[in-house]
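Each chain, written out:
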Amino acid sequence: MNIISVIRQARYEEKSKLYTRAFNTYGKALDITNSEITKIRLESYRGWTLNKIGNFEQANEIFNSVLKKYDHAYAYLISALYFYKTGKLKSSKNLLQKGIEKFPDYLELYLTLSSILKDSERANESIQVLKQALQRENLIKGKGGILRKDIWAELGNLYFERGNFNSCILCLKKSMNMDKEENFLHYSLLAKSYLILGDAKNALLYIEKQLLYYEDLDGDDYITKARAHAKLDELHLASASLLQAHDSDGVLRISSEEMIDFSKLMQNGFFDTIENLQIGE
């Protein structure tokens, strides 16, 4: 019997809300595979079918039993995700921490724990988890091909959210230096960090790289460029960038904080000529 056809049948039954039949068909698939990863995944499918019919206690038992049956990092990951999605945050975090202790090179455990902590507004703990991951020399590549450069970039994003802009810049530049210049995805954030720190020249350098490498242009990037020019007292270039922002979105949206940088343009009446100008907080 072909396991792929059996799993397809089970998935069809599950989509048709025939959960008991799907549970049993997943069980048949379990009997005909020797792959540990596949077995763990099938166990999780069975657990979710029980959850969908309201049999929460038995579903929990399945995910707990996965950890006893399989000595694999994926067992910790799949069980932790189930408990997180069903509102058992503490159990999920504990499993991920135990998984990291037992399988310290499995990147997906770090990334998942960091994400959960971030969503729980515990950014400082999330940062510590990513720093812990970066200390490992032989990390197993994450789902979707996540690399060490991506961890540094996420760390930079977390520092930005915490208002630690110097650390943000340090992490983003580490990420940037790990690949070709045109593959770096965070020039906008790097530019904004420099802008906040009062370094308009570096802000301009990196926002221009963003506009150079990416065709899907964002009006916010032109506003960042305009702010950098304004801080450098290059008012004609600031005006041109603001007009590009307007053309990009069909409206010019500027926060009251950003308007501080454009005080000279306000004085010379530039904004009086702009249609669809929106100034907000």
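Look up: the structure comes first, before these words.
Heads up: these notes are all about the structure in this document.

The rules behind these values
- Residues numbered from 1 in each chain as written.
- Predicted model: local features only at pLDDT ≥ 70, side-chain atom pairs only at ≥ 80, totals over all residues.
- Heavy atoms only, no water.
- Helix = DSSP H or I, 4+ residues; strand = E, 2+ residues; numbered from the N terminus.
- Buried < 20%, exposed > 50% of the residue type's maximum accessible area, 1.4 Å probe, protein only.
- Polar contact = N/O pair within 3.5 Å; in protein donor to acceptor, adjacent residues only side chain to side chain.
- Axes fitted to C-alpha atoms, helices over the stretch in contact; angles between N-to-C directions.
- Parallel < 35°, antiparallel > 145°, perpendicular 65-115°, else oblique.
- Left-handed = near helix turned anticlockwise from the far one by under 90°.
- Contact = heavy atoms within 4.5 Å.
- Nonpolar A, V, L, I, M, F, W, Y, C, P; charged D, E, K, R; others polar.
- Salt bridge = Lys/Arg side-chain N within 4 Å of Asp/Glu carboxyl O.

### Considerations on unusual backbone geometry
It is generally the case that most residues other than glycine have a negative phi and that most peptide bonds are trans. Even without a glycine there, the phi angle at Glu 121 is positive, about 60°. Summarising the element assignment, Glu 121 is placed in the loop between helix 7 (107-119) and helix 8 (123-134). A relative accessible area of 73% means that Glu 121 is categorised as exposed. In the Ramachandran plot, Asn 276 falls in the positive-phi region, its phi being about 60° despite a non-glycine side chain. Residue classification places Asn 276 among the partly exposed positions, given a relative accessible area of 48%.

### Quick look at the side chain of Lys 149
Here Lys 149 shows up in helix 9 (residues 148-161). A polar contact of 2.5 Å, which involves the side chain of Lys 149, links it to the side chain of Asp 179.

### What about the packing of helix 3 (residues 36-52) against helix 5 (residues 73-85)?
Where helix 3 contacts helix 5, the axes come no closer than 10 Å and their chain directions differ by 15°. Here helix 5 runs roughly parallel to helix 3, going by the angle between their axes. The way helix 3 lies across helix 5 gives a crossing that is right-handed. Mapping the contact onto sequence places Ile 37, Ile 40, Arg 41, Ser 44, Trp 48 and Asn 51 in helix 3 and Tyr 74, Ala 75, Ile 78, Tyr 82 and Lys 85 in helix 5. Of the residues belonging to the contact of helix 3 with helix 5, the class tally is 7 nonpolar, 2 polar and 2 charged.

### Focus: the pattern of salt bridges
Scanning the entire structure with this criterion turns up 14 salt bridges. Measuring nitrogen to oxygen at the nearest pair gives 3.0 Å for the salt bridge that ties Lys 209 to Glu 181. Taken together, the residues span a long stretch of sequence, with Lys 209 in helix 12 (residues 200-213) and Glu 181 in the loop between helix 10 (165-176) and helix 11 (187-196) at a distance of 28 residues. The class for Glu 181 is partly exposed, based on a relative accessible area of 34%. Linked by salt bridges that have partners in common, Arg 11, Glu 14 and Lys 52 make up one network.

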